Amino acid sequence: MSARVILLTDPSGSGKTSPLRRIGARRLNLDEFYSDGTEPGMPLLDGEVSGPQGVRPDEAMSRIDWDHPASWDAERAMAAIRELCAAGGTRVPVYSLPDNATRGHRDLDIGQAPVFVAEEIFASELVERCRAEGLIAEALVLRRPRAQTWWFRLRRDLSEHRKPLPVLLTRGLRLARSERERIDRWVAQGCRPVSRREREALTTRLIASPGVPEPRADGAA
């Protein structure tokens, strides 16, 4: 078994998951690797970090900056990608966003798929490492109108009861204001900007390939 990974880094709520389900992509949801909100050293919205005692569970939603990479466990995510590439299976956490905590684990199996997708806003944090280890098939970021992303994100978060409405509205406005800057950062980390149609066509071609795609000559994914 020797699979490779497509890293998808899009603004939260931009509509990654539905097209992936439609084309039958095997998926690793990187949101499952968030750290528990009560852990020490979590990034706070005021620019500080939580102390040795962490923050109280009832404060985690409103005080922690969940859009900061330090709120997420890159090491565990990278280990899961390595196992999926090498063996076709791994054990992943089951994270509860409303509870800000891991609530169990499950087995993830990609079978004999030559390519699988690892998605969510921190995927770009792993581009350089996956490329250095020869694990990457592509690294993509979706560009779409900011107002569209804001609406899709709010509608999804409300339907899934992810956080209280005041938290969702405050976070949504903050993400909308910083979206262009964040996309520029993801591109600088090695993600290729694409339209929704381009991303779906490219992902479909890669996951359907009977062989593992080779990296481009320029060293990019």
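Above: the structure in question.
Quick caveat: nothing in here was measured; it's all calculated off a predicted structure.

Some words on the environment of Y95
Inference 1: Within the fold, Y95 resides in strand β3 (residues 89–96).
Inference 2: In the structure, Y95 is positioned 59 residues away from D36 in sequence and 8.7 Å away in space, judged by C-alpha atoms.
Inference 3: Setting aside anything within four residues of it in sequence, one finds Y95 in contact with D31, E32, Y34, S35, D36, G37, W66, N100, A101 and T102.
Inference 4: Within the structure, the side chain of Y95 is placed 3.3 Å from the backbone nitrogen of A101, a separation counted as a polar contact.

Quick word on the nonpolar core
Inference 1: With 40 residues, the main nonpolar core has L7, L28, I81, F116 and C130 as its most contacted residues.
Inference 2: When sequence neighbours within four positions are dropped, the list of residues in contact with I81 reads V5, L7, L28, F116, A118, L126, C130 and L135.
Inference 3: Ranked by size, the runner-up nonpolar core spans twelve residues in total, among them I6, A137, V194 and I207.

Considerations on helix α7 (residues 196–208)
Inference 1: Relative to the 18 Å expected for 13 residues at 1.5 Å per residue, α7 spans 18 Å between its end C-alpha atoms, a close match to the ideal helical length.
Inference 2: Those residues of α7 not exposed but buried are R199, L202, T203, L206 and I207. Considered in projection along α7, the buried side chains sweep an arc of 125° and stay on one side of the axis. Facing away from the buried side of α7 by over 90 degrees, the exposed positions are R197, R205 and A208.

Topic: the sheet that holds strand β1 (residues 4–8)
Inference 1: In spatial order, the strands read β2-β5-β1-β6-β7; together these five strands make up an open sheet with parallel pairing. At either end of the open sheet lies a strand with only one pairing partner, and these are β2 (27–29) and β7 (192–194). For this sheet, the mean angle separating the axes of adjacent strands, direction not counted, is 30°.
Inference 2: Inspection of the sheet shows β2 paired to strand β5 (residues 115–119) by three bridges, in the parallel sense.

Details of the environment of L97
Inference 1: Along the chain, the position of L97 falls in the loop between β3 and β4 (101–109).
Inference 2: Its relative accessible area of 18% is what places L97 among the buried residues.
Inference 3: Counting along the chain gives 61 residues from L97 to D36, while the straight-line C-alpha distance between them is 9.6 Å.

Focus: the packing of aromatic side chains
Inference 1: The full count for this structure, using the stated rule, is four aromatic pairs.
Inference 2: Taken together, a centroid distance of 5.8 Å and an interplanar angle of 75° make the contact between Y34 and F122 edge-to-face. Placement of the pair is Y34 in the loop between β2 and α2 (60–63) and F122 in the loop between β5 and α4 (127–132), with a sequence separation of 88 residues. Both residues of the pair, Y34 and F122, count as buried.
Inference 3: Aromatic side chains W72 and F122 sit 5.3 Å apart centroid to centroid with 35° between the ring planes, which places their arrangement in the tilted category. Of the two residues, W72 sits in the loop between α2 and α3 (74–87) while F122 sits in the loop between β5 and α4, which places them 50 residues apart along the sequence. Side by side, W72 and F122 carry an identical accessibility label, which is buried.

Comments concerning unusual backbone geometry
Inference 1: Positive phi, normally seen in glycine, also occurs at N100, with a value near 55°.
Inference 2: Examined against the element boundaries, N100 turns out to sit in the loop between β3 and β4.
Inference 3: Not every positive phi belongs to a glycine, and E120 is a case in point at roughly 125°.
Inference 4: As for its position among the elements, E120 is in the loop between β5 and α4.

Some thoughts on the pattern of salt bridges
Inference 1: Counting across every chain of the model gives eleven salt bridges.
Inference 2: One salt bridge connects R27 with E119, and the closest N-O pair in it is separated by 2.6 Å. In this pair, R27 is assigned in strand β2 and E119 in strand β5, connecting sequence segments 92 residues apart.
Inference 3: The class for R27 is partly exposed, based on a relative accessible area of 23%.
Inference 4: On the basis of relative accessible area, E119 is assigned to the buried category, the value being 0%.
Inference 5: Where E138 meets R192, a salt bridge forms, and the shortest distance between an N and an O atom there is 2.0 Å. Separated by 54 residues along the polypeptide, E138 in strand β6 (residues 136–142) and R192 in strand β7 bring together distant segments of the chain.
Inference 6: Salt bridges sharing partners connect three or more residues here, namely R56, D58, E59 and R63.

Conventions adopted
- Residues numbered from 1 in each chain as written.
- Predicted model: local features only at pLDDT ≥ 70, side-chain atom pairs only at ≥ 80, totals over all residues.
- Heavy atoms only, no water.
- Helix = DSSP H or I, 4+ residues; strand = E, 2+ residues; numbered from the N terminus.
- Contact = heavy atoms within 4.5 Å.
- Polar contact = N/O pair within 3.5 Å; in protein donor to acceptor, adjacent residues only side chain to side chain.
- Core = buried A, V, L, I, M, F, W, Y, C linked by side-chain atoms within 4.5 Å.
- Buried < 20%, exposed > 50% of the residue type's maximum accessible area, 1.4 Å probe, protein only.
- Expected span 1.5 Å × (residues − 1).
- Arc of directions from axis to C-beta.
- Pairing = 2+ DSSP bridges.
- Axes fitted to C-alpha atoms, helices over the stretch in contact; angles between N-to-C directions.
- Phe/Tyr/Trp six-rings, centres within 6.5 Å; stacked < 30°, edge-to-face > 60°.
- Salt bridge = Lys/Arg side-chain N within 4 Å of Asp/Glu carboxyl O.

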